[in-house]
Amino acid sequence: MTHKLNHTGNCAVSTDRHWMAVTDTAPPVGVKCNLLTRYGVAIIGAVTASNRPDFAGWEPLARVPWGMLDVCHLPETGTGYKLELRGGKPQYIKQYEAEK
């Protein structure tokens, strides 16, 4: 198992990964990553020279496995077409085709 619930039961916590301290391993500047603020709040954001002191830790974003997002149903557009992600690309599909 790669995670467990914390003591309050409201967070899934990794059992095999840890935050990297920004003082030990500098996060890449200007790119999206998981960041831990010095107040213990986890966010997704980008580090800059001016905001780096605001963060205590960081880690890279998780990879999305191939095929996980091949078909992602998005809301109805009101035109009789649905916008779906097919093959990694958004496409407008007629409503009756989308239901197949």
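Owing to the predicted nature of the structure, the values given are computational and were not obtained by experimental measurement.

(A) Region of interest: the overall build of the protein chain. In terms of helices and strands, the protein chain carries one helix and nine strands. Shown N-terminal to C-terminal, the secondary structure of the protein chain runs as helices and strands in the order β-β-β-β-β-β-β-β-β-α. Counting all 100 residues of the protein chain, 18% fall into the buried class. Of the roughly 7700 Å² of accessible surface on the protein chain, 59% is carried by carbon and sulfur atoms.

(B) Representation of the side chain of Thr-37. Summarising the element assignment, Thr-37 is placed in strand 4 (residues 32-37). Here Thr-37 falls in the buried class, since its relative accessible area comes to 15%. When near neighbours in sequence (up to four residues on either side) are disregarded, Thr-37 contacts Asp-54, Phe-55 and Ala-56.

(C) Seen up close, the layout of surface pockets. Looking at the largest pocket, its volume works out to about 170 Å³. Forming the boundary of the largest pocket are Ala-12, Val-13, Ser-14, Arg-17, His-18, Trp-19 and Glu-59. No other element matches the three residues that strand 2 (residues 12-14) contributes to the lining of the largest pocket. When grouped by side-chain class, the residues that make up the lining of the largest pocket number three nonpolar, two polar and two charged.

(D) Spatial organisation of the pairing of strand 8 (residues 81-86). Where strand 8 and strand 9 (residues 89-94) come together, six bridges link them in antiparallel fashion. Its bridge partner being in strand 9, Leu-85 is matched across the sheet by Pro-90.

(E) Geometry of the side chain of Asn-51. Mapped onto the elements, Asn-51 comes out in the loop between strand 5 (42-46) and strand 6 (55-59). Look at Asn-51 and you get buried, because its relative accessible area is 17%.

(F) The arrangement of the sheet that holds strand 3 (residues 20-21) in detail. Spatial ordering of the open sheet is given by 3-6-4-5, a layout of four strands whose pairing is antiparallel. Lying at the two open borders of the sheet, with one neighbouring strand each, are strand 3 and strand 5. Looking at chain direction, strand 4 and strand 6 are connected through four bridges and run antiparallel. Considered in strand 6, the bridge of Thr-37 is made with Phe-55.

(G) Looking closely at the nonpolar core. Membership of the largest hydrophobic core is limited to six residues, which are Val-22, Cys-33, Leu-35, Val-47, Phe-55 and Trp-58. Taken together, the elements giving at least two residues each to this core come down to strand 4 and strand 6. Once residues lying within four places of it in the same chain are set aside, the contact partners of Cys-33 are Ile-43, Ile-44, Gly-45, Trp-58, Glu-59 and Leu-61.

Analysis parameters
Residues numbered from 1 in each chain as written. Predicted model: local features only at pLDDT ≥ 70, side-chain atom pairs only at ≥ 80, totals over all residues. Heavy atoms only, no water. Helix = DSSP H or I, 4+ residues; strand = E, 2+ residues; numbered from the N terminus. Buried < 20%, exposed > 50% of the residue type's maximum accessible area, 1.4 Å probe, protein only. Areas by Shrake-Rupley, 256 points an atom, 1.4 Å probe, with all protein chains shown as cover. Contact = heavy atoms within 4.5 Å. 1 Å grid on protein atoms, 1.4 Å probe; cavity = no way out; pocket = protein on both sides within 12 Å on 5 of 7 lines; lining within 4 Å. Points joined across faces, edges and corners; volume = space filled by probe spheres on them. Nonpolar A, V, L, I, M, F, W, Y, C, P; charged D, E, K, R; others polar. Pairing = 2+ DSSP bridges. Core = buried A, V, L, I, M, F, W, Y, C linked by side-chain atoms within 4.5 Å.

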